[in-house]
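# Secondary and tertiary structure notes
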Amino acid sequence: MDALECLKTRRSVRKFLPESISEMAIQEMIDAGRLAATARNVQPWEFIFVTNPDTRKKLADIMEYGKFIAEAPLCIVVLSKETKYFLEDGSAATENILLAAHALGYGACWVAGDKKDYAPDVCKLLGVPEGYRLISSIAVGKPATSSSPAPKRNLEEVIHREKF
Ligand SMILES: Cc1cc2nc3c(=O)[nH]c(=O)nc-3n(C[C@H](O)[C@H](O)[C@H](O)COP(=O)(O)O)c2cc1C
């Protein structure tokens, strides 16, 4: 799959088969996060991957809209050191991981981090040191069903020539 096909066919997946993911594939996804664009090349990110079912259940219990993390074989938690562009950098890394997961034949879904009241609870559960912010928790696994694409705004609606 080429890059454009990958980003055009990616969609959020929230239902997974109970099939585990190889360590090599996990490393490939996190490597894609590591290579994301980052302001001033600061690379403030850290990645925790969680496969342990008890920990995934605890994460799912904490996250209101991330209950499916309990059923996903893998959760990749993206953190950023509190730098000026921590949110942009962490978000770029998150999107790279979503795309890498899709390219490798997995489905994934971004679960919200920094804006949520539960962010400190997730950090505490995972032993994250002070000075880091939760960007996202990404559920990953083989899709259990083919989900229909979320409606997207048309190109004509969002594109502006020279001025807004
Ligand atoms: C910042 C951000 C936070 C999100 N948080 C959640 C979440 O907590 N739970 C969830 O199920 N999906 C979450 N999503 C996924 C969006 O719901 C999804 O990307 C959107 O509906 C568009 O669908 P698509 O990813 O299939 O294109 C989040 C996405 C972003 C970018």
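Quick note: structure is the one above.
What comes next is a walk through the structure. By convention here, each chain's residues receive numbers from 1 onward along its written sequence. Per-residue local features are limited, in this predicted model, to residues with pLDDT of at least 70; the limit for side-chain atom pairs, both in listing and counting, is 80 or more; totals at the level of whole chains, interfaces and linings are taken over all residues. Side-chain measures here rest on the full set of heavy atoms in the structure, leaving out hydrogens and waters.

The next point concerns the overall build of the chain. Helix and strand counts for the chain stand at six helices and four strands. Labels follow the DSSP assignment, with helices taken as runs of H or I lasting at least four residues and strands as runs of E lasting at least two, numbered in each case from the N terminus. Element order for the chain, N to C, with α for helix and β for strand: α-α-β-α-β-α-β-α-β-α. Computed over its C-alpha atoms, the radius of gyration of the chain comes to 16 Å, within 12% of the 15 Å expected for a compact globule of 164 residues. C-alpha extents for the chain along the principal axes are approximately 50 × 40 × 30 Å. Sequence separation of at least 24 residues holds for 77% of the intrachain contacts in the chain that already meet a minimum separation of 6. Accessible surface, the chain as shown: approximately 10,100 Å² in total, 52% of it carbon and sulfur. Taken over C-alpha atoms, the radius of gyration is set against a globule rule of 2.2 Å times the number of residues to the power 0.38. When checking whether two residues touch, look at their non-hydrogen atoms; a contact exists if any pair is within 4.5 Å. We get accessible surface area from the Shrake-Rupley algorithm with a probe of 1.4 Å; when it comes to residues, only the shown protein chains can shield them.

Glancing now at the site of the ligand. Whether a residue is near a molecule or strand is decided by its heavy atoms; if any one of them lies within 4 Å of it, the residue is near. If you check the shell around the ligand, you find Arg10, Arg11, Ser12, Arg14, Tyr65, Phe68, Cys109, Trp110, Val111, Ala112, Ala150 and Lys152 and nothing else. Between the ligand and the protein, one listed contact pairs an oxygen atom with a side-chain N or O atom of Ser12 at 2.6 Å. Here a polar contact is taken to be a pair of N or O atoms separated by no more than 3.5 Å, where protein atoms must pair a possible hydrogen donor with a possible acceptor and residues adjacent in sequence count only if both atoms sit in side chains. The side chain of Lys152 places a nitrogen or oxygen atom 2.6 Å from an oxygen atom of the ligand. Across the complex, the protein chains shield 64% of the 620 Å² of accessible surface that the ligand would expose by itself. The residue classification treats Ala, Val, Leu, Ile, Met, Phe, Trp, Tyr, Cys and Pro as nonpolar and Asp, Glu, Lys and Arg as charged. All others, Gly included, are polar. Broken down by class, the residue content of the shell around the ligand amounts to seven nonpolar, one polar and four charged.

For the rest of this paragraph, the subject is a nonpolar patch on the surface. A cluster of nonpolar side chains, contributed by Leu155, Val158 and Ile159, occupies part of the molecular surface with about 280 Å² of accessible area. Among the structural elements, Leu155 can be located in helix α6 (residues 155–158). Residue Leu155 is classed as exposed on the basis of its relative accessible area, which comes to 56%. To count toward a patch, a residue needs a relative accessible area above 30% and no salt bridge. Like charges then connect within 9 Å, nonpolar side chains (Val, Leu, Ile, Met, Phe, Trp, Tyr) within 5 Å. Throughout this description, the term salt bridge denotes a Lys or Arg side-chain nitrogen within 4 Å of a carboxyl oxygen of Asp or Glu. Throughout, exposure labels follow a simple rule: accessible area from a 1.4 Å probe, protein chains only, divided by the maximum for the residue type, with under 20% read as buried, over 50% as exposed, and the rest as partly exposed.

Here we come to the sheet that holds strand β2 (residues 74–81). By the convention used here, strands pair only if DSSP detects at least 2 bridges between them. An order of β1-β2-β4-β3 is seen for the four strands of this open sheet, with the pairing classed as antiparallel. The open sheet has two edge strands, β1 (45–50) and β3 (107–112), and neither has a second partner. On average, adjacent strands in this sheet sit at an angle of 20 degrees to one another, irrespective of strand direction. Summarising the sheet, β3 and strand β4 (residues 132–141) pair through six bridges and their orientation is antiparallel. Across the sheet, the residue bridging to Trp110 is Ile138, located in β4. Orientation is described by axes fitted as lines to C-alpha atoms, over the contacting stretch for helices, and by angles from 0 to 180 degrees between their N-to-C directions. The strands touched by helix α4 (residues 86–103) within the sheet are β1, β2, β3 and β4, with β4 carrying the most contacts at an inclination of about 10 degrees.

Right, let's talk about the pairing of β4 for a bit. Buried residues dominate β4, accounting for nine of its ten residues. Where β2 meets β4, eight bridges bridge the pair, whose relative direction is antiparallel. Directly across from Leu79, in β4, lies its bridge partner Leu134.

Attention now goes to unusual backbone geometry. Leaving glycine aside, a negative phi is the common case for residues, and trans is the common case for peptide bonds. At Asn41, a position not held by glycine, the phi torsion is positive, near 55 degrees. Summarising the element assignment, Asn41 is placed in the loop between α2 (23–34) and β1.

On to helix α3 (residues 53–62). Considered for burial, the residues of α3 that qualify are Arg56, Leu59 and Ala60. The buried residues of α3 occupy an angular sector of 100 degrees when the element is viewed end-on, so they sit on one face. Measuring from the side-chain oxygen of the N-cap residue of α3 to the backbone nitrogen of Asp54 gives 2.9 Å; that N-cap residue is Asn52. Along the arc lie the directions from the helix axis toward the C-beta atoms.

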